[in-house]
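Letter by letter, the chains look like this.
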Amino acid sequence: KRVIMLNYLKADCYRIRKERLSLVSLGLLIAFAILFAFLYREDHSNQVGQSLVMVWASLLPLFFVTPAKIFLGEDLTNRTINNILVKSQNRLKVFTYKWLMTLVVTWFYILLALLLTAFAHQMFTGVASYQTVLTYFLYQLPIYTVIASLCAFIFAFFDKIYQSYMVYIIIALLFDQL
């Protein structure tokens, strides 16, 4: 059973690399990280780490659509998940794998965004704020996990990817206003 899941992981990694599925979102993530660090380049206080992570709060959930689209949206829309389900014969394991991989990639995006922002800020100012960034990451991990799970659910629920995008983005923007 573990070999089968490892094969799914290798296949997904190959597909992500071959089709360059996350290239645009990673590029935007890097650009925003550098921009946020540049905007706070004059701030040398101890609270700069908190300010740096707070600018990401409303923007990070929008990046969760990429992992959900990669692991759930495209497989369900293109019906390629049927091949996996026929071979596996266990829907729960397949969907658990897809959900967990969505969460892992989402956590990677969050950590990359926060650490890259802290690193870029350190390059601009010489002030390191990694402890604040990592503390924020650990405290916010449960809420980001729920948001990423909601995104995964939306991509699994709707038949069309564009519907999933629209519903999730509207919900993410509304939660930001609450």
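The structure we're discussing is the one just above.
Residues numbered from 1 in each chain as written. Predicted model: local features only at pLDDT ≥ 70, side-chain atom pairs only at ≥ 80, totals over all residues. Heavy atoms only, no water.

S.K.: Would you explain a nonpolar patch on the surface in this entry?
M.R.: Side chains of Ile30, Ile34, Leu35, Phe38, Leu39 and Phe124 sit close together on the surface and give an oily, nonpolar patch of about 530 Å² of accessible area. With 5 residues, the single largest contributor to the nonpolar patch is helix H2 (residues 23–39). With respect to the helices and strands, the residue Leu35 is situated in helix H2. (Patch = residues over 30% accessible without salt bridge, like charges linked within 9 Å, V, L, I, M, F, W, Y side chains within 5 Å. Areas by Shrake-Rupley, 256 points an atom, 1.4 Å probe, with all protein chains shown as cover. Salt bridge = Lys/Arg side-chain N within 4 Å of Asp/Glu carboxyl O. Helix = DSSP H or I, 4+ residues; strand = E, 2+ residues; numbered from the N terminus.)

S.K.: I'm lost on the side chain of Thr145 in this one. Help?
M.R.: Inspection of the secondary structure assignment puts Thr145 in helix H7 (residues 130–157). You can call Thr145 buried: its relative accessible area is 17%. (Buried < 20%, exposed > 50% of the residue type's maximum accessible area, 1.4 Å probe, protein only.)

S.K.: Got a minute to help me understand the pattern of salt bridges in this structure?
M.R.: Taken as a whole and assessed by the stated rule, the structure comprises 1 salt bridge. Close ionic contact of Arg41 with Glu42 constitutes a salt bridge, the shortest N to O distance being 3.7 Å. Its relative accessible area of 32% is what places Arg41 among the partly exposed residues. We classify Glu42 as exposed; its relative accessible area is 62%.

S.K.: What is the right way to look at the nonpolar core in this model?
M.R.: Note on soluble globular proteins: their nonpolar side chains tend to be buried together. Counting 40 residues, the largest nonpolar core has Trp56 and Leu114 as its most contacted members. Secondary-structure elements contributing two or more residues to this core are helix H1 (2–19), H2, helix H3 (48–56), helix H4 (65–77), helix H6 (91–125), H7 and helix H8 (161–177). If near-sequence neighbours (up to four positions away) are discounted, Trp56 is found in contact with Leu29, Phe32, Ala33, Phe36, Pro61, Phe63, Ala113, Leu114, Thr117 and Tyr144. (Core = buried A, V, L, I, M, F, W, Y, C linked by side-chain atoms within 4.5 Å. Contact = heavy atoms within 4.5 Å.)

S.K.: Help me understand H3, please; the structure alone is not making it clear to me.
M.R.: Since the α-helix advances by 3.6 residues per turn, residues separated by three or four positions end up pointing in the same direction. What H3 keeps buried is the set Val48, Gly49, Leu52, Val53 and Trp56. Each buried residue of H3 sits inside an arc of 130 degrees when the element is viewed along its axis, so together they form one side. Looking at the packing, one finds that the buried side of H3 touches H2, H6 and H7. (Arc of directions from axis to C-beta.)

S.K.: Would you take a moment to explain H6 for this structure?
M.R.: Here H6 spans 51 Å end to end across 35 residues, near enough to the 51 Å set by a 1.5 Å rise per residue. Two residues or fewer past H6, Gly126 is found with a positive phi of approximately 85 degrees. (Expected span 1.5 Å × (residues − 1).)

S.K.: Honestly, the packing of aromatic side chains in this entry has me stumped. Any pointers?
M.R.: Geometrically, a pair of aromatic rings is defined through the distance of the ring centres and the angle of the planes. Counted according to the given criterion, the structure contains 10 aromatic pairs. Ring geometry for Phe108 and Tyr109: centres 6.5 Å apart, planes at 70 degrees, overall edge-to-face. Of the residues examined, Phe108 reaches a relative accessible area of 47% and is grouped as partly exposed. In this structure Tyr109 comes out as buried when scored by relative accessible area, which is 2%. Both rings, one in Phe157 and one in Phe158, keep their centres 5.2 Å apart while their planes meet at 90 degrees; by these two values the pair is edge-to-face. A relative accessible area of 54% places Phe157 in the exposed class. Among the aromatic residues, those joined into a ring-pair cluster are Phe32, Phe36, Trp56 and Phe63. The lysine or arginine in question, Arg41, covers the ring of Phe38, its NZ or CZ lying 3.9 Å from the ring centre. (Phe/Tyr/Trp six-rings, centres within 6.5 Å; stacked < 30°, edge-to-face > 60°. Lys NZ or Arg CZ within 6 Å of the ring centre and 35° of its normal.)

S.K.: Help me out: how do you make sense of the side chain of Thr117 in this one?
M.R.: Residue placement: Thr117 occurs in helix H6. A polar contact of 2.7 Å, which involves the side chain of Thr117, links it to the side chain of Trp56. In this view, Thr117 contacts Ala33, Phe36, Ala37, Leu52 and Trp56; residues no more than four positions away in its chain are not counted. (Polar contact = N/O pair within 3.5 Å; in protein donor to acceptor, adjacent residues only side chain to side chain.)

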